[in-house]
Amino acid sequence: MLNYEVTFIVDPVLSGDEIKSTAQIYENLLKDAGYSITHIEEMGLRQLAYPINKKYSGIYYSIEFSGETGTIVPTLELALRRDERIMRFLTVKLDKYGVKYNEDKRAGKIGESEENREERC
């Protein structure tokens, strides 16, 4: 079983429904190809490190998926490249350590806890 993670930045000018439908398109693409989606994370609006197309922020999405082969990756990347709503994307093949890290992060074993975040704000 091969594990992948694709992270993409959606144009923030779009409405909330358009943003969710954009992410749903890629989720459906993976499901239709027979891949199982492990986790979808909407990271929300974040400031970019450098301007892209004269925009200084973007809405980040991350989809973690797995399958028997990696044949969907070129098709997925071509679809992301052609979509004008996607500003940037990155597809990463996860090894066992990457999968374990993501599981631990979702379980709250890694990273900042909610209490610490609330105290800081």
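Colleague: Describe the nonpolar core, naming the residues involved and giving the relevant values.
Modeller: Counting residues in hydrophobic clusters, the biggest one holds 19 residues, and the most contacted among them are Phe8, Val10 and Phe65. Sequence-distant contacts of Val10, that is, excluding residues within four places in its chain, are made with Ile19, Thr22, Gly58, Ile59, Tyr61, Arg85, Ile86 and Met87. The next biggest cluster of nonpolar side chains, apart from the first, holds five residues, and it includes Leu48, Ile52, Tyr60 and Met87.

Colleague: Tell me about the side chain of Asp11, residues and numbers included.
Modeller: Turning to its location among the elements, Asp11 is positioned in the loop between strand S1 (2-10) and helix H1 (16-32). At 3.2 Å, the side chain of Asp11 forms a polar contact with the backbone nitrogen of Val13.

Colleague: Kindly report on unusual backbone geometry, identifying the contributing residues and their values.
Modeller: Although it is not a glycine, Asn53 sits at a positive phi angle of roughly 55°. The residue Asn53 is located in the loop between strand S2 (36-52) and strand S3 (55-67) in this model. What makes Asn53 exposed here is its relative accessible area of 59%. The phi dihedral of Lys54 falls on the positive side, at around 60°, and the residue is not glycine. Given the relative accessible area of 79%, Lys54 is considered exposed.

Colleague: Can you lay out helix H3 (residues 96-107) for me, pointing to particular residues and giving the numbers?
Modeller: Each turn of an α-helix holds 3.6 residues, which means side chains three or four residues apart point in the same direction. Compared with an ideal rise of 1.5 Å per residue, which puts twelve residues at 16 Å, H3 spans 17 Å between its outermost C-alpha atoms and is within 8% of the ideal. Inspection of H3 places Gly98, Val99, Asn102 and Asp104 among the buried residues, and these make up the whole buried set. On its buried face, H3 sits against S1, S3 and strand S4 (86-94). Phi turns positive, to about 90°, at Gly108, one or two residues after H3.

Colleague: Hey, could you go over the pairing of S1 for me, with residue numbers and the actual values?
Modeller: Burial analysis of S1 places seven of its nine residues in the buried class, which makes it a mostly covered element. Summarising the sheet, S1 and S3 pair through nine bridges and their orientation is antiparallel. Looking at S3, one finds that Asn3 is bridged to Ser66. In terms of strand pairing, S1 meets S4 through eight bridges, oriented antiparallel.

Colleague: For the sheet that holds S2, give the residues involved together with the corresponding values.
Modeller: Strand order in the open sheet formed by four strands is S2-S3-S1-S4, and the pairing between neighbours is antiparallel. Unpaired on one side and paired on the other, S2 and S4 mark the two borders of the sheet. When strand polarity is set aside, the average angle formed by the axes of neighbouring strands in this sheet is 20°. The strands touched by H1 are S1, S2, S3 and S4; relative to S3, the strand with the most contacts, the crossing angle is about 20°. The strands that H3 touches are S1, S2, S3 and S4; relative to S4, the one it contacts most, it runs at about 115°.

Colleague: An account of the pattern of salt bridges is requested, with residue identities and associated values reported.
Modeller: A full pass over the atoms with the stated rule returns five salt bridges. The salt bridge partner of Asp11 is Lys55, with a shortest N-O separation of 3.8 Å. With a gap of 44 residues between them, Asp11 in the loop between S1 and H1 and Lys55 in strand S3 connect regions that are remote in the sequence. In this structure Lys55 comes out as partly exposed when scored by relative accessible area, which is 22%. The partner of Asp104 in a salt bridge is Lys100, and the shortest N-O contact between them spans 3.0 Å. Remark: Lys100 and Asp104 occur in helix H3; sequence separation between them is four residues, near one turn of the helix. Residue Asp104 is classed as buried on the basis of its relative accessible area, which comes to 14%. The partly exposed category is assigned to Lys100, whose relative accessible area is 43%.

Conventions we followed
Residues numbered from 1 in each chain as written. Predicted model: local features only at pLDDT ≥ 70, side-chain atom pairs only at ≥ 80, totals over all residues. Heavy atoms only, no water. Core = buried A, V, L, I, M, F, W, Y, C linked by side-chain atoms within 4.5 Å. Buried < 20%, exposed > 50% of the residue type's maximum accessible area, 1.4 Å probe, protein only. Contact = heavy atoms within 4.5 Å. Helix = DSSP H or I, 4+ residues; strand = E, 2+ residues; numbered from the N terminus. Polar contact = N/O pair within 3.5 Å; in protein donor to acceptor, adjacent residues only side chain to side chain. Expected span 1.5 Å × (residues − 1). Pairing = 2+ DSSP bridges. Axes fitted to C-alpha atoms, helices over the stretch in contact; angles between N-to-C directions. Salt bridge = Lys/Arg side-chain N within 4 Å of Asp/Glu carboxyl O.

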